[in-house]
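Topology and contacts: notes
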Amino acid sequence: MIEITDIEKIYRMGGETLTALNKVSLSIQEGEFTSIMGPSGSGKSTLMNILGLLDRFDSGQYFLNGTDVSSISDTERAHIRNKEIGFVFQSFNLMARMNVLENVMLPLVYGKVPRKERKERAVEALEKVGLGDRLNHLTNEISGGQKQRVAIARAIVNRPSVLMADEPTGNLDSKTTEDIMRIFQDLNDEGTTIVMVTHEPEMAEYTKRTIHFRDGALQKDEYLVPKRLSKTEVR
Ligand code: ADP
Ligand code: MG
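The structure reproduced in this document is the subject of the present report. (Residues numbered from 1 in each chain as written. Chains lettered and ligands numbered in written order. Predicted model: local features only at pLDDT ≥ 70, side-chain atom pairs only at ≥ 80, totals over all residues.)

Quick notes on the environment of Met196
Using the following cut-off: We count a stretch as a helix when DSSP gives it H or I for four or more residues in a row; a strand needs E for two or more, and each element gets its number in order from the N terminus. Residues with at least 20 neighbouring C-beta atoms inside 10 Å of their own are called buried, those with 12 or fewer are called exposed, and the rest are partly exposed, where every C-beta is derived from the backbone. For the purpose of contact definition, each residue receives a C-beta atom placed from its backbone, and two residues are in contact when these atoms lie within 7 Å.
Mapped onto the secondary structure, Met196 falls in strand E8 (residues 193-197). For Met196, a count of 25 C-beta atoms within 10 Å corresponds to the buried category. Put simply, Met196 and Phe184 are 12 residues apart on the chain and 9.7 Å apart in space, counted from C-alpha to C-alpha. Ignoring anything within four residues of it in the chain, the contact list for Met196 reads Ser35, Ala165, Pro168 and Thr207.

A look at the site of ligand 1
Test applied: Each residue gets a C-beta atom placed from its backbone. Should that atom fall within 6 Å of a molecule or strand, the residue is termed near it. Classification convention: Asp, Glu, Lys, Arg as charged; Ala, Val, Leu, Ile, Met, Phe, Trp, Tyr, Cys, Pro as nonpolar; all other residues, Gly among them, as polar.
All residues adjacent to ligand 1 are Tyr11, Met13, Leu18, Ala20, Gly38, Ser40, Gly41, Ser42, Gly43, Lys44, Ser45 and Thr46. The leading source of residues in the shell around ligand 1 is helix H1 (residues 44-51), at three residues. A class-by-class count of the residues in the shell around ligand 1 yields four nonpolar, seven polar and one charged.

Some points on the packing of helix H3 (residues 100-110) against helix H4 (residues 115-128)
Going by this rule: Here an axis means a line fitted to C-alpha atoms, over the contact stretch when the element is a helix, while the angle between two N-to-C directions is reported on a 0 to 180 degree scale. Each angle gets one of four labels, with under 35 degrees taken as roughly parallel, over 145 as roughly antiparallel, 65 to 115 as roughly perpendicular, and the rest as oblique. Should the near helix be turned anticlockwise from the far one by less than a right angle, the crossing is termed left-handed; should it be turned clockwise, right-handed.
Contact pair H3 / H4: the axes reach a minimum separation of 9 Å and the direction vectors enclose 120 degrees. By the criterion of interaxial angle, the relationship of H3 to H4 is oblique. As H3 runs across H4, the sense of the crossing is right-handed. Touching Val100, Leu101, Val104, Met105, Leu108 and Val109 of H3 are Arg118, Lys119, Arg121, Ala122, Ala125 and Leu126, all from H4. Tallied by class, residues from the contact of H3 with H4 come to nine nonpolar, no polar and three charged.

Digging into the environment of Leu126
By the secondary structure assignment, Leu126 is in helix H4. Residue classification places Leu126 among the buried residues on the basis of 24 C-beta atoms within 10 Å. Counting along the chain gives 72 residues from Leu126 to Leu54, while the straight-line C-alpha distance between them is 25 Å. Dropping the residues within four chain positions of it, Leu126 is found in contact with Val100, Val104, Leu131, Gly132, Leu135 and Ala153.

Some remarks on unusual backbone geometry
The residue Asp6 is not glycine, and still its phi comes out positive at about 50 degrees. Structurally, Asp6 is set in strand E1 (residues 2-13). Using a count of 13 C-beta atoms within 10 Å as the deciding quantity, one classes Asp6 as partly exposed. The backbone of Phe92 shows a phi angle near 65 degrees, a positive value even though the residue is not glycine. Among the secondary structure elements, Phe92 is positioned in the loop between strand E6 (85-88) and H3.

Remarks on the nonpolar core
Selection rule: Remark: nonpolar core denotes a set of buried Ala, Val, Leu, Ile, Met, Phe, Trp, Tyr and Cys residues whose joining runs through C-beta atoms within 7 Å.
Among the nonpolar cores identified, the biggest contains 57 residues, and Val104, Ala153 and Met164 are the most heavily contacted of them. The dominant element in this core, judged by the number of residues it contributes, is helix H5 (residues 144-156), at six residues. Beyond its immediate stretch of four places on either side in the chain, Met164 contacts Met48, Leu51, Gly52, Ile85, Gly86, Phe87 and Val195.

By themselves, these observations are geometric and do not establish any function.
Here it is in structure tokens:
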């Protein structure tokens, strides 16, 4: 599904250069639930932004579902991103002036899905994250954990082949974090491939594979028996 080879990312600021990714190679198969761990500044977000087609890289190759996305145009990149990737950010990135339902329908507007189908699919995605009863709330009327669940619904509404999350629970308390991890496990059980960055070892325990990152390179790659959370109850 995801296959990167010798990816290098160099940031240039004035005369300074910083190698954030140092020839990283990695493959992720369909159905995996992978966590990426590592100290602050080790390149986790840089890697996720590249995997999520949000940023470019300097050398190496990236195949996504068999397509070489290493040197495609920005338009094509945006098209593939909208179709194949759902991305969840630590800061939620919701539209404050839109209600919950409108936020989740947004990717379908870009994806040119017919109006009637947009609402059906958005409601379905919101029910999956336990927010079927919050459709008309504004985003400032709901809690942080609910905001992140809206962001997850928005990320999955296009039925992407992979869901990516960069420290999705970094701003949430431990109870709410557990809710989010339970939703991820449910989605993964249903077949969604997930890649998640975290710096909390307890969160990595819920995933099937953990990649340890250090100084822009893979340090360790381990497959685990994940700690299970019970199925999501709608609350
Ligand atoms: P992590 O997510 O693991 O904390 P990042 O990928 O954000 O790490 O950063 C890796 C390195 O690249 C850090 O040294 C960081 O300061 C640097 N970096 C990240 N983004 C930029 C940028 N846009 N411009 C310059 N340097 C950056
Ligand atoms: Mg980061």
